Structures are given as C-alpha cells and as structure tokens.
Amino acid sequence: MFRQRMISGLATLVVLAAAATACGGSSKESGGQGDTLTVISPSAPASLDPAKANVGSDNWFVNLAYDTVLRQGQDGKTGPALATKWGYVGTGNREFEFTLRDGVKFADGTAMTAQTVAASLNYTRKNGLNVSWTSAIDSVTATGPLTVRIHCSSPHPNVPQLLNQILLVGSVISPAGLADAKKMGTQSFGAGPYVLDTAHTATGDHYTYTPNPNYWDKTKIHWKKVIIKIVANPNSALQAVKTGQADILGITANQVDTATSGGLSVIRSPNAFLGIDLVDRDGVLSKPLKDVRVRQALNYGVDRESITKALFQQYGHATDQISLPGLDGFAADYDNHYSYDPAKAKQLLAAAGYPNGFALHMETQNFFGIDLVTQAVVQQWKQIGVTTTVTTDTSIGQWLGNATSKKFPALGFGYGGASTYTLSLDWMLPHPTAFNPFASQDPALTAMLATAAAAPQEQQPALYQNVMRRVVDQAWFVSVLRTDGIYAFNSRKLKGFAVAPSYLPDLAWATAPK
Amino acid sequence: MAIFRLVIRRLLSSTPLLFMVSALTFVLVSLVPGDPARTIVGQHATEEQYRTVRGQLGLDEPLPVQYWHWLVRVFHGDLASSLFSGEPVTSVLNNRLPVSISLIVAGTVVSGILGVALGLLSARRGGFLVRIVDGLSLIGLAVPAFWLALVLIAVLAVQLRWFPVTGYVPFADDPAQWARSLVLPVMSLSVGAVAIIAKQTRDSVLDTSTRDFIRVMQANGFSPRSILYRHVLRNAALPVVTVLGVVLVSLLSAAVFVETVFAMPGLGSLTQQATIQHDIPLIQGAVLYITVLVVLVNLLVDLAYGRLDPRVRAA
C-alpha cells in the first residue's frame, strides 16, 4: 500500500515538474503583449466608489471607469472632459457653471444629462470623505439640459480643480450607481473609457478593466484590457515589471538603480513634503511652543540638506515650506528661509526663556519615510537642547486617531502637493483637522486666505505665495524636505506615461501603446 | 463505523477550540492600536462622519457585545462583511481558499515525497549521505522561507525567466500555468519541511530496522526489499505522519510570508492585509477558516494513525 502511495505521489510530482518545464520556455506574460496594460499597485483601493476612494493611491482604479467633469493636463492646466465650457459666473468665486458635452452615455447606456451630473456631485459632496474640500458648496443644480451650476456659500477658488481626475470629486456616477451606493464599492457605474470586469477581478488581488462600448471618444481607448495587480512586496513588484509580467509601478528612491539597470525607464516629479507639524501653537500641552521664537528655533536647528541627502539622495529637495514648485502657493524665495544655524536656534530659545532647551513628546508615522525624517530631526534638536520622545504609529487608523486626539503637541507629517486653498482647509483655517488638531488661528492668516479665495484667478498665485510666507514666518511647522514620486515603466511598450507636481500618471487617457 | 465515530468525536471536541480561538482573536485585534472607522473615513472627514461610520460598523458597542453579535451571525451561517470592501467575508474567503489549499497541499506533497525519499536513501546507504541529509536539515531549518523566496525569484524568475515572479493562475483557467505559478512558492515553503521529514524518516527507519521482529524476519530469509517496504516503512511511518501533520500546520503560517512575496491571493496574504487595516470581520473569518483547516489536518493525521497502526484503531 505504501509503495502504491509513493508511486502515485511521485507521479504527481512528475506531472507538476513536466507542466513546469513545458511552460518554462515561454517567458512572455500576458502583461508583456500589446493589447493588455498591466500596472502594479502596492495596495488595494479603499473603495471603488469615487466618493470613498483615497485620492492619490486609488486614482488609477477610479479614473479608468469614471470620467470627470474636467481634466487636468500634465502642464497643470484644466481642460475639457465631460464638460466643454466652464467658468466662474460674476466675481467672488461663488458661482461656477459648466456645460456638458452633448450625446454622452454612461457605460450602461443611460444618457448623461445635467440632472444626472448634478445628482452625482451632490452625492459626492454629501457622502464623500473629502468633505472639507466641498464644504463651501451649498448647492449643485441643473440649470438646463446640459448646464450645471455650483453655488458656494463662501468663495471657492478651486472648483475647476475639484472637478478634475486628481481630486475625484468630479467623477460622474450613473443613476444606477447612486440608486444602490453599496454596490459602488465593488462595481463600476461610470462613463469612463473602461468598465470594471467583475468576472475577472478578485478584490485585493487584481482588478480587470475592459473597454466601455458606449464611450464618447473611442480614440482614447488604447487597450483591450487594463489590469491593476496588487503586489505589496516592493521587491517582487519591481522584479515583476523587470521580467515583463507587468508594465508600470511606483518605486522608491533606493529602487531606481535596480529599475534602470533592468532596462526600465524612470520618471519622477515632486509630489509630497515631509517634516514636523508644531500643532500646539497655543501651548496647551507644551508651553514653549506658544512662543514663535521657539518654533523658529526648532526650524533653525534642522540641517535639512544633510537629512535630505542621507534619506532621499537626489530624489528629495530641502524645503521650509509646504508647497511644491508649480503650485500656486510655492514661494521660491522661502525654500531656504531657515538656513541651518544651531547658534541662532540657541539664542532664540534663550530669548524665549529656555536657555537649556525643553522636553517634547511627539507622534510620527512609519509610512513613506516620515518616521526616518522625524528621527533625524529629533537627533539634531538634541544639539540645541530639545529632547524629544516619539510615539510611532503603524497604521493609518492609529495615526488618524492619535493626530486628532490632541494628546501630542507635535506630529510627524507627510502630505501630497495641493493648491493652497485645499491646503488651507487642512492646515491653516481655524477648525480641527489631523494637521491642525488644536484649531490654531491666526487672524491675519485667515484674512489673507479669505482675500485670496475671492480674488480673480490671475491674482491668486501672488496672494497665496504671501500666505505661504506668512505661515512659514509664524513657524507653524518644521518642513524638512519634498520628495519625488518615482515611477518605473517599460518605455519600449508605452508612451504618454508622465508625472508632474500634483498630477498623477494618467492611465485612462494618456498612457498608450507605442 | 468506528472511523465515523472517531470523526464525529474529534469534530465535536474541536468546537470549544473554535470558540476560544475566535474570542482570543477578537480580544487581540481590539488591543492593537488603531481604529478601522478612522481609516475608512480618512483624514478629511468630519468628527460626525467618523462617529456615524463607527456606529454603522457597531464599533461603538462594548467588546463583548460586538463579539456576541458576530457569534450570532456565525450561527446563522453569516460571517458578516468586510469593513472596507463591503463584500461578504464568506465569499472573499471562498475565493482565497483554493490558493492556500493548492499551495499547502502541493507543499506537503512535495516535502513529503522528497523528505521520505531522502530519509530512506540516507537510512539505507548511510555514510556520506547521512551527513548530507544532516547538513541539508540544518540549512533547511535555518533558511527563512521569505528569504529563500527572494533568492528563488532573483535566480529562477528574473535571471533565468523560467517562472513568473508573482501571481497565481487558477487550475480551472490553465492547469499548466497553475502548476508553473506554484513552483517557486512551493519550493520556498518546502525546503525546511523536506529537511525535517528526511531526518525524521531516517531516524525512524533506522530505529525500526533494529527491532527484534525485523531481525527475526531477516533470520527467516525474507527479502530485504520486502522487509523494508512492507514492515520497516509501515512501522516507521507513524512518527513521520506526526511530523507531516506538524509540517502541514507550520506551512499555513509560512504561507503568510510566501503569499505576500509572490503576491498570491491566498488566506495568508489576506489575513496580513486585514490585520494592517483592522478589518475585524475579515480577520475573524480568516482565523476561523485557518482553525478549521488545522482541525481537519489533525483529524487526517489521526485517521492515518488508525490506518497504519491497528492498536490505535482498536483504541
């Protein structure tokens, strides 16, 4: 009997080995062939519902199936998409109107009208997670068969940005999706170039998209199939692209050499800034932080250049501000406002009444290198007498809980580039958020923001740069560096794959076969 | 009939274990810092939205109440839904189960066959082969599966391009690609197990070979081949089967790393993701499935004992 079992076991092994050998000669994966685009994402989407998806990490999943009202180009300019005409009505940035493209249908064949679009925008602003971005909007109404008007209770200078494919709010959902919102977590209900093929999708593993037969511009459908594969291990993910199993992935600075040596093309662009948010500006938990001189001393006590070089090599850039080149609030003259000067830091601490420094307890996160930046800053603060104990969070939920708990006077941060209006909702206005948990207020800053929000578009950059100078002068944070978003891809197969500040590579429209 | 009674007895005696494991998991998950409702609502949500989601998910109730609600649903055959995707946990787990089963069964078969074959060879030939088996055992035990996985990817997938770096192909889609997608993960999982089984087989065979009844058979002129395969192996198989059971269970935990490295959509990688996200229903469901698998493996080992040893059957 045992002999029989051994023989049958060996036979199984032989079958396995034979099957493996038979396939071993073929190194071409489906992703390496012309008609399928295979992309790697390090994590599954939080939801496929555009209102509940994470902006940044989930955009690819949503953008393929949902067209937006407007479209941002790589140059940062807003262009047409589902809307062909758009603009503010009157002055003060409170009324915005757009006209829809005629004849557009959702993937299920339903006609897109001003009413369906208004219903979608109302669903998202009422149920979406990014409620602060839309909090100024108090109504979205159809004013004609193809015209939609957005009314804001206070000036909102970023409605065009809100409606593009980056911030997701303008992703138009069909009436069928809105009627059964729960299904939107796992199915697609859009008017994008592709639809989610649920039969060939396994949640958390891979997501398959096939062309939308009712799409309004078939020239934008470049692939017979787009697959987003979830690979959490960064080494395996890079090797999969190197061997042709997939075509695109996001990588870290220390993977660039491996990617280029494997024949992949690498593109990059500034996409986030990292540092320490000095949130207790009223000195509730840490009295020294109430004094602007102390907060400035903490800025002078950081050697940003050396930290950037050590942690991100050429893929980072030292900065004192929380904006990126190309964005409206970026003030080039304030990139090095607090040059490293420990002696000056000590003088400021002494003038504020802390000649021997002080102790600080802070929180940080172990994602995207935020904890590494925190540790480097903490070491340098020791030189000026500031001793810091750090609590490190290991999950998003833990971080959000701690950041909003008002138990930490300082928080390690990482934040993606955004327009200053959007940024101000999280960082600068006097309401509690994960980046301003104590709802700090600076009346001068609030007034500057109000003026900028209501100003004509062409005047906004100058006004927002002054906002940035103000907040850096007040040392509300110790920004340390900005990092690049880096992508590796197979340039022998692809064209149109590009990245820019506040712009994610566009899989749905721009990435095409060569 | 006796086997049927054994199966029923074993399954009934496992019920308290399922309770204990599920309760313990619930407590442990609740002790891990972080709040799934915070993760779901994200950084721009209002406090009101956060509280609403917390209430909708039942996370504002005391822990024993949350556990009781979960338990009641389980008794109705409903493992609840994932906090994040909203998909029924049973459906998510049923999609993932074949991957883990393929990986673990293939890993056990390969390590069982190679381990027994190596152990037998070493017991019969002795000398240099014994030292090789001992050396391999040490290496096999010392090398972590995830490290081996990375090396195998670098050499066999990236350099030689014999196998895919990541992914899993369902058997129903393409049996050959299914086997191909399993080769590297199974190799990563099996090396340590082969070493343990080979060593156990050799020691067990050598021990049985020196027993009196074997000597009597040798003295009576039975052929060495017949003695080895019909008597020595059968008697030596008991401890080997025990080790095989232990190996199979240990492969379940090693599969967490291997599935993650090879991006295989199995129970292990799912449990890891669910733990990071604090997706309590998914963690509970996955742990329940894994516990049932462990119970079934132990049951199979018991049945194998009965088959190999009449004394166990009689007991």
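Right above here is the structure, for reference.
Overview of the structure. Quick caveat, the model's predicted, so the values are computed rather than measured.

1. Brief notes about the overall build of chain A
Inference 1: Helices and strands together make up the secondary structure of chain A, namely 16 helices and 19 strands.
Inference 2: Taking 2.2 N^0.38 as the reference for a compact globule, 514 residues should give roughly 24 Å; the C-alpha atoms of chain A span a radius of gyration of 25 Å, in line with that estimate.
Inference 3: Seen through its C-alpha atoms, chain A measures out along the principal axes to roughly 85 × 70 × 40 Å.
Inference 4: Within chain A, the fraction of its 514 residues that count as buried is 57%.
Inference 5: Taking the intrachain contacts of chain A between residues at least 6 apart in sequence as the baseline, contacts between residues at least 24 apart amount to 69%.
Inference 6: Element-wise, carbon and sulfur atoms account for 54% of the exposed surface of chain A, whose accessible area totals about 19,300 Å².
Inference 7: For chain A, the separation between the mean place of its 41 positive charges and that of its 37 negative charges on side chains is 4 Å.

2. A closer look at the side chain of Asp 35 of chain B
All names here are of chain B.
Inference 1: Mapped onto the elements, Asp 35 comes out in the loop between helix H1 (2–31) and helix H2 (36–41).
Inference 2: Using a relative accessible area of 11% as the deciding quantity, one classes Asp 35 as buried.
Inference 3: Among the polar contacts made by the side chain of Asp 35, one reaches the main-chain amide nitrogen of Ala 37 at a distance of 2.9 Å.
Inference 4: There is a polar contact of 2.5 Å between the side chain of Asp 35 and the side chain of Tyr 50.

3. Section: the interface of chain B and chain A
Inference 1: Opposite the 49 residues of chain B that make contact, chain A presents 51 residues.
Inference 2: Note on chain B versus chain A: buried area summed over both sides is about 4,200 Å², and carbon and sulfur give 62% of it.
Inference 3: Its largest share of buried area at the contact with chain A, chain B owes to Gln 43, His 44 and Arg 161 of chain B, together 16% of the area lost on that side.
Inference 4: The interface formed by chain B and chain A holds zero salt bridges in total.
Inference 5: Where chain B meets chain A, there are eight residue pairs in polar contact (both at pLDDT 80 or more).
Inference 6: Only H2, helix H5 (89–125), helix H7 (145–159), helix H8 (175–209), helix H10 (224–261) and helix H11 (267–277) of chain B provide two or more residues apiece to the side of chain B that touches chain A.

4. Let's talk about the nonpolar core
Inference 1: Core analysis: the biggest nonpolar cluster contains 99 residues, and Phe 98, Ile 150, Trp 381 and Met 428 of chain A have the highest contact counts within it.
Inference 2: Not counting residues up to four positions away in its chain, the partners in contact with Met 428 of chain A are Ile 322, Thr 420, Leu 423, Ser 440, Leu 445, Leu 449, Val 467, Met 468, Val 471 and Trp 476 of chain A.
Inference 3: The next biggest cluster of nonpolar side chains, apart from the first, holds 98 residues, and it includes Ile 486 of chain A together with Val 240, Leu 251 and Ala 286 of chain B.

5. Description of a nonpolar patch on the surface
Residue and element names in this part refer to chain B.
Inference 1: Residues Phe 146, Trp 147, Leu 150, Val 151, Val 155, Leu 160, Trp 162 and Phe 257 make up a contiguous nonpolar surface patch of roughly 740 Å² in combined accessible area.
Inference 2: Positionally, Val 155 belongs in helix H7.
Inference 3: Assessed through its relative accessible area of 40%, Val 155 is described here as partly exposed.

6. Quick look at the packing of H5 of chain B against helix H12 (residues 280–308) of chain B
Residues and elements named next belong to chain B.
Inference 1: Between H5 and H12, the least distance of the axes is 10 Å, while the angle of their chain directions is 45°. In terms of their interaxial angle, H5 and H12 are classed as oblique. In the packing of H5 onto H12, the handedness of the crossing is right-handed. Each of Val 89, Thr 90, Val 92, Leu 93, Asn 94, Leu 97 and Ile 101 in H5 lies in contact with H12, whose residues at this interface are Pro 281, Leu 282, Gly 285, Ala 286, Tyr 289 and Leu 293.

7. A closer look at the pattern of salt bridges
When charged atoms on two side chains of opposite charge get close, those side chains can pair.
Inference 1: Tallied over the full model, the rule gives 21 salt bridges over all chains.
Inference 2: For the salt bridge of Lys 183 of chain A with Asp 180 of chain A, the shortest nitrogen-to-oxygen distance reads 3.5 Å.
Inference 3: Judged by relative accessible area, Asp 180 of chain A falls into the partly exposed class, the value being 30%.
Inference 4: One salt bridge connects Glu 47 of chain B with Arg 51 of chain B, and the closest N-O pair in it is separated by 4.0 Å. Note that Glu 47 of chain B and Arg 51 of chain B are positioned in helix H3 (residues 47–56) at a spacing of four residues, about one turn of the helix.

Rules of the game
- Residues numbered from 1 in each chain as written.
- Chains lettered and ligands numbered in written order.
- Predicted model: local features only at pLDDT ≥ 70, side-chain atom pairs only at ≥ 80, totals over all residues.
- Heavy atoms only, no water.
- Helix = DSSP H or I, 4+ residues; strand = E, 2+ residues; numbered from the N terminus.
- Rg over C-alpha atoms; globule rule 2.2 N^0.38 Å.
- Buried < 20%, exposed > 50% of the residue type's maximum accessible area, 1.4 Å probe, protein only.
- Contact = heavy atoms within 4.5 Å.
- Areas by Shrake-Rupley, 256 points an atom, 1.4 Å probe, with all protein chains shown as cover.
- Lys, Arg positive; Asp, Glu negative; His and termini not counted.
- Charge placed at Lys NZ, Arg CZ, Asp CG, Glu CD.
- Polar contact = N/O pair within 3.5 Å; in protein donor to acceptor, adjacent residues only side chain to side chain.
- Buried area = accessible area lost by both parts, 1.4 Å probe.
- Salt bridge = Lys/Arg side-chain N within 4 Å of Asp/Glu carboxyl O.
- Core = buried A, V, L, I, M, F, W, Y, C linked by side-chain atoms within 4.5 Å.
- Patch = residues over 30% accessible without salt bridge, like charges linked within 9 Å, V, L, I, M, F, W, Y side chains within 5 Å.
- Axes fitted to C-alpha atoms, helices over the stretch in contact; angles between N-to-C directions.
- Parallel < 35°, antiparallel > 145°, perpendicular 65-115°, else oblique.
- Left-handed = near helix turned anticlockwise from the far one by under 90°.

Just distances and angles here, no functional claims.
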